[in-house]
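Notes for the structure review
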Number of protein chains: 2
Amino acid sequence: MSDFHELTRKLQKQNDSKIVLLVADGLGGLPIEAGGGTELETASTPNLDALAKDGTLGLSTPVLPGISPGSGPGHLGLFGYDPLQYQIGRGVLEALGIDFELTPNDVAIRGNFCTLDTEGNITDRRAGRIASEPAARLCEKLDQIEIPGVEVFVRHVKEYRLVIVFRGEGLGGSVNDTDPQRTGVPPLAPVGADGPSQKTAEICSRFLEQAGEVLQDDQPANLLTLRGIDMKPDVPPFQEVYGLRAGAIAVYPMYRGLARLVSMDILDAGQTLDQQMERLEAAWDDYDFFFVHFKYTDSTGEDGNFPEKVRRTEELDAAVPKITRLNPDCLIVTGDHSTPAKMKSHSWHPVPVLLSSDLARPDACQSFGETQCITGGLGQFPAKYLMGFALAHAGRLEKFGA
Amino acid sequence: MSDFHELTRKLQKQNDSKIVLLVADGLGGLPIEAGGGTELETASTPNLDALAKDGTLGLSTPVLPGISPGSGPGHLGLFGYDPLQYQIGRGVLEALGIDFELTPNDVAIRGNFCTLDTEGNITDRRAGRIASEPAARLCEKLDQIEIPGVEVFVRHVKEYRLVIVFRGEGLGGSVNDTDPQRTGVPPLAPVGADGPSQKTAEICSRFLEQAGEVLQDDQPANLLTLRGIDMKPDVPPFQEVYGLRAGAIAVYPMYRGLARLVSMDILDAGQTLDQQMERLEAAWDDYDFFFVHFKYTDSTGEDGNFPEKVRRTEELDAAVPKITRLNPDCLIVTGDHSTPAKMKSHSWHPVPVLLSSDLARPDACQSFGETQCITGGLGQFPAKYLMGFALAHAGRLEKFGA
């Protein structure tokens, strides 16, 4: 993988071409009944089918065969970063998901409000699934905590979930979870695996001590556990590795956060696909590469709602002409992973890829669907190489070797 | 890759089988218009189609997805050497291209005649594209330069291009280009990146000093710039890694040079495909493996001449019976990369592969073309593994493990 970025660094070439990566989250699916089609195959997608006919299809493997990725590794792969090399801790992902801008000096932590009994043993690991409103108020109180040598940020996420960030010099990210994963026992003490992480662990301890005081009268949430303690991975910027000025147009914060992790510019996406398309057109001259994220093919899959995932796929198809009329040199439509409604979860199934470009080598595929993609000209390939195809079809790579 | 050669070293087996690797340079293509076929698909190739019907097809990726290889990495891949591991500098390739036999003590340099004004600034980086005849005479003069401790070779290539080789102990290949890539400034001084390369850089400086004196009255070429300063990579011999006595039958020096780099024997190829076929038959008993190179599918592609590339493909097809009547145990027909006439350049598109052998597992493919190859039994695979298929189908690999 480092080979791949070494190559793209060396071979990248500037021109005025435009690349659009349209990510339909969780795009890949499964038939809900034997003999049926997948969600994508069931949907009426005349615009995508027309692109498929002239373009090249394929299937990407997000991580490795059989591995179902989360959103983090799924997107890092699409962006050309080996998801096994660049791993994103739960705390970091949680911070990305609320648009919190992490610096290289930050340790990000996912917090869960919990309930302790008078002996100090956990009685509820989610504080009775405390509602968002009181939890948000508790977070504001915790945000006041001061620890010498570091800045402390506490942000509410949803219900019992929060994010804690310690910002300071010389911190490390290798500290265990304090959640013991069961009730009737006290939280675990934070322990650092190395020097910088020991410093983080000490700060965690002081934070928890003060949090215990701040929360002592707050039932059911009279403490919190710390999980996924980590620093953001050191990801080389998208522009540096590919020579592309990249803009992200994503409605949901998590995906803006993932784009920010690779140093894309975050554009105002509004709230709807129409607004995203308007932003795309408005920003067309300012960027070389656009990442456009559509959430609902994933959320409907997670809900196990096959017909609604079909409908959302059709909604996406209807927006495609708004992209093609801008004449991108390379348009890729794909997902970050599969989310079959049948499974109500992310899956390992390879992800349909459609590449449309004047330089695409046609295959025999006539429509965009999983079965057609099997015989697509891109074959089955690791998602981390998708950016190679994108750059090549936009004429942005020099020849390798003489 | 070293893994692969470790295996072939360990498992290689001797028998009297014959393998022919017929390389149609730049074989892969693109339709010139929507709905059309590629060059290979448009050509009438009854002999290749017959082999495709009984054999196995596939597509190879020369380097990595999206990467367009030069001839060097393209051929090293076909020969089973990882093109990212074994990189060939421009100077080395240029020397290979004029049949200059490099030793492990040689530093090879691509030279460009240039024009300096009286201030020492470059006014023309190609010396007015000086004609070959006067340039060749200048090279003969430069070839007289003597530098203590090294042998100096200066050979003309074409027009303003030449090759300089320094042969001596303890030289290094990490020296910058002296071509500043623009006019109005003096050439850059050569600087070595390490001890041995500093020695090379000093020799470069002395050479340039003397060249300046030799050329001072020669307009427009009164100096030269040095580029692609490098030593040849340390490539393990073909016979050692595969146990094959290999003969190369290539009309063009560059491809003889690449075969020499992996220590194949270079056979007299004559000037025509017919003469190459005669040589193949004459040498049949002397070698286990034959690399036969056909240039014109690439040169016509580079020219953007679709019909001529089609015609050259048909010319190659007509020669195929001269190979098959020799009954090779494994015949592979492929390219080192794609050169679509539509692009007038090498491209990243995967390369059609046809493998004909009594042990080939048939697939559903009925003719030899890019679209058929997508569904071929070899699948899509890195070119560096092609030699594995070749050895296996010739019964030249023992079982791995018990």
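As shown above, the structure is provided for reference.
Here's a quick rundown of the structure. (Residues numbered from 1 in each chain as written. Chains lettered and ligands numbered in written order. Predicted model: local features only at pLDDT ≥ 70, side-chain atom pairs only at ≥ 80, totals over all residues. Heavy atoms only, no water.)

The helix and strand inventory of chain A stands at 14 helices and 13 strands. Principal-axis analysis of the C-alpha atoms places the extent of chain A at approximately 70 × 50 × 40 Å. Per-residue burial over chain A gives 58% buried out of 402 residues. Expressed as a percentage of contacts within chain A between residues at least 6 apart in sequence, the contacts between residues at least 24 apart total 74%. (Helix = DSSP H or I, 4+ residues; strand = E, 2+ residues; numbered from the N terminus. Buried < 20%, exposed > 50% of the residue type's maximum accessible area, 1.4 Å probe, protein only. Contact = heavy atoms within 4.5 Å.)

Turning our eyes to something else, we now look at helix 3 (residues 46-54) of chain B. Residue and element names in this part refer to chain B. Within the span of helix 3, buried status applies to L48, L51 and A52. Buried residues of helix 3, seen end-on, are gathered within an arc of 105 degrees and therefore sit on one face of the element. Facing away from the buried surface of helix 3 by more than 90 degrees, the exposed residues are P46 and D54. Looking at the buried positions of helix 3, the neighbouring elements they touch are strand 2 (56-61), helix 12 (306-324), strand 11 (330-334) and strand 12 (351-357). (Arc of directions from axis to C-beta.)

A few words now on helix 10 (residues 273-283) of chain B. All names here are of chain B. For helix 10, the full list of buried residues reads L273, Q276, M277, L280 and A283. Buried residues of helix 10, viewed axially, fall in a sector of 140 degrees; they line one side. Within helix 10, the exposed residues directed more than 90 degrees away from the buried face are E278 and A282. Against the buried residues of helix 10 lie strand 8 (246-250), strand 10 (289-294) and helix 12.

The next subject is the relation of the copies chain B and chain A. It takes a turn of 123 degrees to lay chain B on chain A, together with a shift of 0.1 Å along the axis; the resulting RMSD is 0.1 Å. Overall, the copies show the geometry of a three-fold rotation axis. Considering only C-alpha atoms, the part of chain B nearest the rotation axis is T375 of chain B, at 3.6 Å. Residue by residue, only 3% of the interface of chain B is reproduced at the interface of chain A, so the copies engage with different surfaces. (Least-squares fit on C-alpha atoms with pLDDT ≥ 70 in both.)

Attention now goes to the interface of chain B and chain A. Contact residues are listed per partner, giving 33 residues for chain B and 27 residues for chain A. When chain B packs against chain A, close to 2300 Å² is buried across both sides, 68% of that on carbon and sulfur atoms. Viewed at the interface, chain A and chain B are joined by 1 salt bridge. The closest approach of N and O atoms between D358 of chain A and K342 of chain B, which form a salt bridge, is 3.3 Å. For the side of chain B that touches chain A, the secondary structure elements donating two or more residues are helix 4 (71-78), helix 5 (90-96) and helix 13 (370-374) of chain B. Residue composition of the side of chain B that touches chain A, by class: 16 nonpolar, 14 polar and 3 charged. (Buried area = accessible area lost by both parts, 1.4 Å probe. Salt bridge = Lys/Arg side-chain N within 4 Å of Asp/Glu carboxyl O. Nonpolar A, V, L, I, M, F, W, Y, C, P; charged D, E, K, R; others polar.)

Considering all chains together, one arrives at 28 aromatic pairs over all chains under this definition. The interplanar angle of 80 degrees and the centroid separation of 5.4 Å between the aromatic rings of F4 of chain A and Y385 of chain A together place this pair among those described as edge-to-face. Taken together, the residues span a long stretch of sequence, with F4 of chain A in helix 1 (residues 2-11) and Y385 of chain A in the loop between strand 13 (379-382) and helix 14 (386-393) at a distance of 381 residues. With a centroid separation of 5.4 Å and 70 degrees between ring planes, the pair formed by F100 of chain A and F153 of chain A is classed as edge-to-face. In this pair, F100 of chain A is assigned in the loop between helix 5 (90-96) and strand 3 (106-116) and F153 of chain A in strand 5 (residues 151-158), connecting sequence segments 53 residues apart. Each of the two residues, F100 of chain A as well as F153 of chain A, counts as buried. Members of the aromatic cluster, connected to one another through ring pairs, are F79, Y81, Y86, F238, Y242, F289 and F291 of chain A. One Lys or Arg, K295 of chain A, reaches over the ring of Y252 of chain A and ends 5.9 Å from the middle of that ring. The side chain of R312 of chain B reaches across the aromatic face of Y296 of chain B, ending 4.0 Å from its centre. (Phe/Tyr/Trp six-rings, centres within 6.5 Å; stacked < 30°, edge-to-face > 60°. Lys NZ or Arg CZ within 6 Å of the ring centre and 35° of its normal.)

It is worth spelling out the nonpolar core at this point. The biggest cluster of nonpolar side chains holds 59 residues, and the ones touching the most others in it are Y81, F238, M264, F289 and F291 of chain A. Leaving out residues up to four positions away in the same chain, F289 of chain A has contacts with I19, L21, F238, L244, R245, A246, G247, M264 and M387 of chain A. With 49 residues, the next largest nonpolar core counts A402 of chain A together with F4, L78 and L378 of chain B among its residues. (Core = buried A, V, L, I, M, F, W, Y, C linked by side-chain atoms within 4.5 Å.)

Moving on, we come to empty space enclosed by the protein. All names here are of chain A. Applying the stated criterion across every chain, the model contains 1 cavity of 30 Å³ or more. Each pocket or cavity is described by its volume, and for the largest cavity that value is around 40 Å³. Taken together, V251, Y252, T272, L273, Q276, H293, F294, K295 and Y296 form the lining of the largest cavity. Sorting the residues of the lining of the largest cavity by element identifies helix 10 (273-282) and strand 10 (289-294) as the ones contributing at least two each. Residue composition of the lining of the largest cavity, grouped by class: 5 nonpolar, 3 polar and 1 charged. (1 Å grid on protein atoms, 1.4 Å probe; cavity = no way out; pocket = protein on both sides within 12 Å on 5 of 7 lines; lining within 4 Å. Points joined across faces, edges and corners; volume = space filled by probe spheres on them.)

Estimated volume of the largest pocket: approximately 860 Å³. Taken together, 43 residues line the largest pocket, and the ones lying closest to its centre are P382 of chain A together with T61, P65, F381 and P382 of chain B. As a volume, the second largest pocket reaches approximately 700 Å³. Along its surface, the second largest pocket is lined by 20 residues, and R90, E94, R161, M254 and K295 of chain B are the ones closest to its centre. Those elements that provide at least two residues to the lining of the second largest pocket are helix 5, strand 5 (151-158), helix 9 (253-261) and helix 11 (296-302) of chain B. Residues of the lining of the second largest pocket, tallied by class, amount to 8 nonpolar, 3 polar and 9 charged.

All names here are of chain A. Residue placement: H156 occurs in strand 5. A distance of 2.8 Å separates the side chain of H156 from the backbone oxygen of E159, its partner in a polar contact. Beyond its immediate chain neighbours, meaning those up to four positions away, H156 contacts I98, S132, A135, A136, C139, R161 and L162. (Polar contact = N/O pair within 3.5 Å; in protein donor to acceptor, adjacent residues only side chain to side chain.)

This part is about unusual backbone geometry. Of note, the bond from Q219 of chain A into P220 of chain A is cis; its omega dihedral lies within 30 degrees of zero at 5 degrees. Locating P220 of chain A in the fold gives a position in the loop between helix 7 (195-214) and strand 7 (223-230). For D99 of chain B, which is not glycine, the phi dihedral falls at a positive 65 degrees. Mapped onto the secondary structure, D99 of chain B falls in the loop between helix 5 and strand 3 (106-116). The class for D99 of chain B is partly exposed, based on a relative accessible area of 29%. Unusually for a residue other than glycine, Q181 of chain B sits at a positive phi of about 70 degrees. Note on placement: Q181 of chain B falls in the loop between strand 6 (161-167) and helix 7 (195-214). Take Q181 of chain B: its relative accessible area is 48%, and that puts it in the partly exposed class.

Right, let's get into the sheet that holds strand 2 of chain B. Residues and elements named next belong to chain B. Ordered in space as 9-8-10-1-11-12-2-13, the 8 strands form an open sheet in which the pairing is mixed. Looking at strand neighbours, the two that pair on one side only are strand 9 (265-266) and strand 13 (379-382), the edges of this open sheet. Relative to strand 12, strand 11 runs antiparallel, the two sharing 5 bridges. Looking across to strand 12, one finds that V333 is bridged to L354. Across the sheet, helix 3 lies against strand 2, strand 11 and strand 12, angled at about 70 degrees from strand 12, the strand it touches most. Contacts from helix 14 (residues 386-393) reach strand 1 (19-24), strand 10, strand 11, strand 12 and strand 13 within the one sheet, and its direction differs from that of strand 11 by about 155 degrees. (Pairing = 2+ DSSP bridges. Axes fitted to C-alpha atoms, helices over the stretch in contact; angles between N-to-C directions.)

Now for the sheet that holds strand 2 (residues 56-61) of chain A. Strand-to-strand pairing in sheets goes through backbone hydrogen bonds, with the strands running parallel or antiparallel. Residue and element names in this part refer to chain A. Spatially, 9-8-10-1-11-12-2-13 is the arrangement adopted by the 8 strands of the open sheet, whose pairing is mixed. Bordering the open sheet on either side are strand 9 (265-266) and strand 13, each of which pairs with just one other strand. Lying on the sheet, helix 3 (residues 46-54) is in contact with strand 2, strand 11 (330-334) and strand 12 (351-357); it crosses strand 12 at an angle near 70 degrees. The strands that helix 14 touches are strand 1 (19-24), strand 10, strand 11, strand 12 and strand 13; relative to strand 11, the one it contacts most, it runs at about 155 degrees.

It is worth spelling out the packing of helix 10 of chain B against helix 12 of chain B at this point. All names here are of chain B. Close contact between helix 10 and helix 12 brings their axes to 10 Å; oriented N to C, the two are set at 15 degrees. The pairing of helix 10 with helix 12 is recorded here as roughly parallel in orientation. Crossing angle aside, the handedness with which helix 10 passes helix 12 is right-handed. Together, L273, D274, M277 and L280 of helix 10 and E315, L316, A319, K322 and I323 of helix 12 make up the contact between the two elements. When the residues that make up the contact of helix 10 with helix 12 are grouped by side-chain class, the tally is 6 nonpolar, no polar and 3 charged. (Parallel < 35°, antiparallel > 145°, perpendicular 65-115°, else oblique. Left-handed = near helix turned anticlockwise from the far one by under 90°.)

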